Structure formats: C-alpha cells, structure tokens
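Per-entry structural report
One letter stands for each residue in the lines below.
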Amino acid sequence: MSTPVTGTAPSGEAAARAAGLTKTYGMGETRVVALDGVDVAIGRGRFTAVMGPSGSGKSTLMHCLAGLDTVSAGRVWLGEREITGLGDRELTRLRRDRVGFVFQAFNLLPTLTAEENITLPMDIAGRRPDGPWLREVIDTLRLGDRLRHRPAQLSGGQQQRVACARALAARPELVFADEPTGNLDSRSGLEVLRFLRAAVDTLGQTVVMVTHDPNAAAHADLVLFLADGRIVDEMAGPTAEAVLERMQIFSDAPGAPPGKDTGLSGPPSPQAPGPASGGR
Ligand code: ADP
C-alpha cells in the first residue's frame, strides 16, 4: 500500500495525465500539502472513480487535472496538451472545449428548460450544438420527453441526468463528476451512475468521478485510492464489497489519524440498495 501507483494508462491513451503533481496551500505552520507528488494517467474511454478519506486530496486532484486550479509543482496534461503554465484565457478556452463537469448540487438554471440548460455552455461559447450527437446524448440519458420541463418539474435524478447531458453535450475529452450522487436518494443515484456508465460504454466518453460511496465506485472500471495527498492503491473491476474492504484497511491502518472522518468506515449507506447498486 505504500507503493505509489504511477500511471493507469499509457500516456498516448490518457485523457488526462499528471506527473509529480504537488499542491500546497498556505505557508509556514499553516501549510497543507493537499497533493504530494501524484503521478496518474486517466484512461481514455474509461470510467475512473477517485476515493479516499475526507481531506485526502480528491477534489484538489480533480481541480488540478481539470485546469480549475494551479499546481505548486509537477505537470498536468489534458489529452496531449500540457496545461501547466497556461494563462487564464487559454485555460478557460481549453476547459470549455475539452472538459465537462457534473457537480453534487446539479447547478441547473431554474428559469431555463432542460434542453436550454443542456445547451447553455455551448450557447455561451457561441458554438452550435452538434445535432446528431446531442440527440444521442439525450436518448442515452432518456431525457427526450423531459426537454421542455424546468428543473423544478424534474426529480433529483432527472435533474442530475440533465446536468450529465450538459456535461456531455459539447463532446468533451473528459467529464469530471464530483460526488454526483451525493444529493440523491439511492434509486436516483443509481440512475445517474448507470447513465455515466452508458456515457462511457455507448458514447465512448471518459468519466472521472470523485465519490466516498463504495456502491457508486463499483460502477467504475477502475478505482484510485487517495490518502494524504498520494495515490496509495488502485482496483480494477471493483465491487462495492471489495472497495469497502479496501477503505476499511486504510482507516484501520496504523498511520490513520484517530477520529479522522473517513466517511467510509461504516456501512455504505443506510438506503444503499441491494443487488442493483453493486454491479454495473
Ligand atoms: P477531499 O476532496 O479528499 O476531501 P481536498 O482536496 O478538498 O480533499 O483537500 C485536501 C487538503 O487540502 C485538506 O487538508 C484541505 O483542508 C486542504 N485544502 C483544500 N482546499 C484548500 C484551500 N483552498 N485552502 C487551504 N487548504 C485547502
């Protein structure tokens, strides 16, 4: 477990990559090392989950890989393009063209219909949606009969599916999902996870999902485990049980801070559903 995992995909097949990625916050006594020399390659066309205790660096890793945050040391690539050292304007453009985001809080505009929400980023960028691709995304997410509804007229799961469609609409190089099921009941969460899965399997997208839920991670192809700003392990073809077991090893490890909120040491979730949640 102490061996750092270096890379999960050859660089040519990586949708995003980092080498020696270090991120610190603050100075002196308040200095926090959020990421400590992370080497990682996110496989293209794969569904990768990032797990780890609270404060282990999951969000920071996602933000640095997505070009939302600057790095303190190391290098980051989106596809073949190195993003470390790019100026704000270039970074904004690159992000807009290559990255989609799904947030825990959906972040839909209440006054717009589902369809308008889905195409909003492209409207802002002055780009015309690719009609056939958009239809494919909407069909895959089974949103065809909900396009004229406003967010308040949709269930939580449907709203998050709209947010997924919005992230996929511009056909980004990769989609980052930050606890996408965190605000959903288990059934709606399952819907969203299945659609993220379908985005990978049917549409060939690349998805990186930060989660603390072993049931959610079980939908991924690969789970990366973070602890104290390092990738300490990975698991291909995860099951909820295996992920939970691995997390318990981490939280029981001698170095684990006492009383630290792992968010992972208990049972997956009181509402965690039975058979459907563990598989794909
Ligand atoms: P996770 O997503 O796994 O909960 P984070 O990436 O949010 O972890 O945080 C990793 C570490 O960096 C934590 O110790 C956190 O307190 C610290 N951190 C994150 N963002 C900031 C910030 N803006 N300023 C100072 N410290 C931060």
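Structure's up top.
Quick look at the structure, then. (Residues numbered from 1 in each chain as written. Predicted model: local features only at pLDDT ≥ 70, side-chain atom pairs only at ≥ 80, totals over all residues. Heavy atoms only, no water.)

**Brief notes about the overall build of the protein**
- The secondary structure content of the protein amounts to 9 helices and 10 strands.
- Evaluated residue by residue, the protein yields a buried proportion of 50% over its 280 residues.
- Put simply, the protein shows about 12,800 Å² of open surface, and 49% of that area lies on carbon and sulfur atoms. (Helix = DSSP H or I, 4+ residues; strand = E, 2+ residues; numbered from the N terminus. Buried < 20%, exposed > 50% of the residue type's maximum accessible area, 1.4 Å probe, protein only. Areas by Shrake-Rupley, 256 points an atom, 1.4 Å probe, with all protein chains shown as cover.)

**Things to note about the site of the ligand**
- The immediate surroundings of the ligand are formed by Y25, V32, A34, P53, S54, G55, S56, G57, K58, S59 and T60.
- K58 has a polar side-chain atom sitting 2.9 Å from an oxygen atom of the ligand.
- Contact with the protein chains hides 57% of the accessible area of the ligand, taken as 560 Å² for the molecule alone.
- When residues of the shell around the ligand are traced back to their parent elements, those giving at least two are β2 (32-43) and α1 (58-65).
- With 3 residues, the top contributor of residues to the shell around the ligand is α1.
- Residue classes in the shell around the ligand are distributed as 4 nonpolar, 6 polar and 1 charged. (Near = heavy atom within 4 Å. Polar contact = N/O pair within 3.5 Å; in protein donor to acceptor, adjacent residues only side chain to side chain. Nonpolar A, V, L, I, M, F, W, Y, C, P; charged D, E, K, R; others polar.)

**Quick notes on the side chain of D233**
- When you line up the elements, D233 lands in strand β10 (residues 230-236).
- A relative accessible area of 18% means that D233 is categorised as buried.
- A distance of 2.5 Å separates polar atoms of two side chains, one belonging to D233 and the other to R246.

**Here we look at the pattern of salt bridges**
- Counted according to the given criterion, the structure contains 13 salt bridges.
- For D36, the salt bridge goes to R230, with nearest N and O atoms at 2.7 Å. Here the residue D36 occupies a position in strand β2, and R230 occupies one in strand β10, the gap between them amounting to 194 residues.
- Of the residues examined, D36 reaches a relative accessible area of 29% and is grouped as partly exposed.
- Judged by relative accessible area, R230 falls into the partly exposed class, the value being 45%.
- A salt bridge links R98 to E173; the shortest N-O distance between them is 3.8 Å. (Salt bridge = Lys/Arg side-chain N within 4 Å of Asp/Glu carboxyl O.)

**Points about the pairing of strand β4 (residues 73-78)**
- Here strand β1 (residues 14-25) pairs with β4 via 5 bridges, running antiparallel. When the bridges of β4 are listed, A16 appears paired with L78.
- Where β4 lies against strand β5 (residues 81-82), 2 bridges are found, and the strand directions are antiparallel. When the sheet's bridge partners are listed, W77 is paired in β5 with E82. (Pairing = 2+ DSSP bridges.)

**Regarding the packing of aromatic side chains**
- Within this structure, the stated rule accounts for 2 aromatic pairs.
- The interplanar angle of 10° and the centroid separation of 5.8 Å between the aromatic rings of F101 and F103 together place this pair among those described as stacked.
- Overall, the relative accessible area of 15% leaves F101 in the buried class.
- Geometrically, the ring pair formed by F101 and F176 is stacked, given 6.2 Å between the ring centres and 25° between the ring planes. Remark: F176 occurs in strand β7 (residues 174-178) and F101 occurs in strand β6 (residues 99-102); sequence separation between them is 75 residues. With respect to class, F101 is no different from F176; both count as buried.
- Here the aromatic cluster, defined as three or more aromatic residues joined through ring pairs, consists of F101, F103 and F176. (Phe/Tyr/Trp six-rings, centres within 6.5 Å; stacked < 30°, edge-to-face > 60°.)

**A closer look at unusual backbone geometry**
- Even without being a glycine, N107 presents a positive backbone phi close to 60°.
- The class of N107 is partly exposed, set by a relative accessible area of 42%.
- Here the phi dihedral of R171 falls at roughly 50°; this positive angle occurs in a residue that is not glycine.
- Mapped onto the fold, R171 is located in the loop between α5 (156-169) and β7.
- For R171, a relative accessible area of 47% translates into the label partly exposed.

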